[in-house]
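Reading the structure
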Amino acid sequence: MKSGKYTLGYKTTIKSITTNKGKFIIIANNCPPLRRSEIEYYAMLAKVGVHHFNGNNVDLGTACGKYYRVSCLSIVDPGDSDIIKTVSGDQ
C-alpha cells in the first residue's frame, strides 16, 4: 500500500465498481454472503476481477496497514505494483 489508490469498505467499493473506477476487488473470507454475492454480481457486470482474501476482515485491515476491520476493498489505481496481473494469473 505504498503507491496507488484504493477504497476501503462496502459502500465505496460498490460506488467504485458502478462508476467504472475500480480495477480489482478484494473480499475478506468472513464477509456476509449477501454482501459478497452483491459485490461479485456488480463486479461481473463491470468485468472487474475479484479475489477472495484468505483471512478474515481483521487480517485484511492489518494487511492494508489500518487498525480497523475491512471487509472489502477496491483498487482504483494499482500504482507501480503488479497486483492485478499477479492475482489474475493465479486463478
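Attention here is on the structure that accompanies the text. Please read all numbers here as calculations on a predicted model, not as lab measurements.

Turning to the packing of aromatic side chains, a few remarks are in order. Tallied over the entire structure, the rule returns 1 aromatic pair. Over the aromatic face of Tyr10 sits the side chain of Arg35, whose NZ or CZ is 4.3 Å from the ring centroid.

The topology assignment puts Ser81 in the loop between β4 (72-77) and α4 (83-90). Once the C-alpha coordinates of Ser81 and Ile26 are considered, the two residues, 55 residues apart in sequence, prove to be 15 Å apart.

Another aspect to go through is helix α2 (residues 33-46). With 14 residues, α2 extends 20 Å from end C-alpha to end C-alpha; this agrees with the ideal 20 Å at 1.5 Å per step. Downstream of α2 by a residue or two, Lys47 has a phi angle that is positive, lying close to 60 degrees.

What follows concerns the sheet that holds strand β3 (residues 49-52). One open sheet holds the 4 strands; their spatial order is β1-β4-β2-β3, and the pairing between them is mixed. Each end of this open sheet is capped by a strand with a single partner; those strands are β1 (5-8) and β3. Taking each pair of neighbouring strands and ignoring which way they run, the sheet shows an average axis angle of 20 degrees. Sheet topology note: the β1/β4 ladder contains 4 bridges and is antiparallel. Counted as the bridge partner of Lys5 is Asp77 from β4. Running at roughly 40 degrees to β4, helix α1 (residues 10-18) makes contact with β1, β2 (24-27) and β4 of the sheet.

Here we take up the nonpolar core. In this structure, Ile14, Ile17, Ile25, Ile27, Cys31, Ile39, Ala43, Val48, Val50 and Cys72 together form the largest nonpolar core, which totals 10 residues. Put simply, the parts of the chain that give this core at least two residues each are α1, β2 and α2. Judged by nonpolar contacts, the second largest core, of 9 residues, contains Phe24, Cys64, Val70 and Val87.

The subject of this paragraph is the pairing of β2. Alternating positions in β2 separate into two faces, Phe24 and Ile26 on one and Ile25 and Ile27 on the other, with burial throughout. Pairing of β2 with β3 involves 4 bridges; the strand directions are parallel. Within β3, the position partnered with Ile25 by the bridge is Val50. Between the parallel elements β2 and β3, the chain passes through α2 in a crossover that is right-handed. Bridge analysis of β2 against β4 gives 4 bridges, and the strand direction is antiparallel. Within β4, the residue paired with Ile26 across the bridge is Leu73.

Criteria and cut-off values
- Residues numbered from 1 in each chain as written.
- Predicted model: local features only at pLDDT ≥ 70, side-chain atom pairs only at ≥ 80, totals over all residues.
- Heavy atoms only, no water.
- Phe/Tyr/Trp six-rings, centres within 6.5 Å; stacked < 30°, edge-to-face > 60°.
- Lys NZ or Arg CZ within 6 Å of the ring centre and 35° of its normal.
- Helix = DSSP H or I, 4+ residues; strand = E, 2+ residues; numbered from the N terminus.
- Expected span 1.5 Å × (residues − 1).
- Pairing = 2+ DSSP bridges.
- Axes fitted to C-alpha atoms, helices over the stretch in contact; angles between N-to-C directions.
- Contact = heavy atoms within 4.5 Å.
- Core = buried A, V, L, I, M, F, W, Y, C linked by side-chain atoms within 4.5 Å.
- Buried < 20%, exposed > 50% of the residue type's maximum accessible area, 1.4 Å probe, protein only.
- Right-handed = clockwise from strand over helix to strand, strands pointing away.

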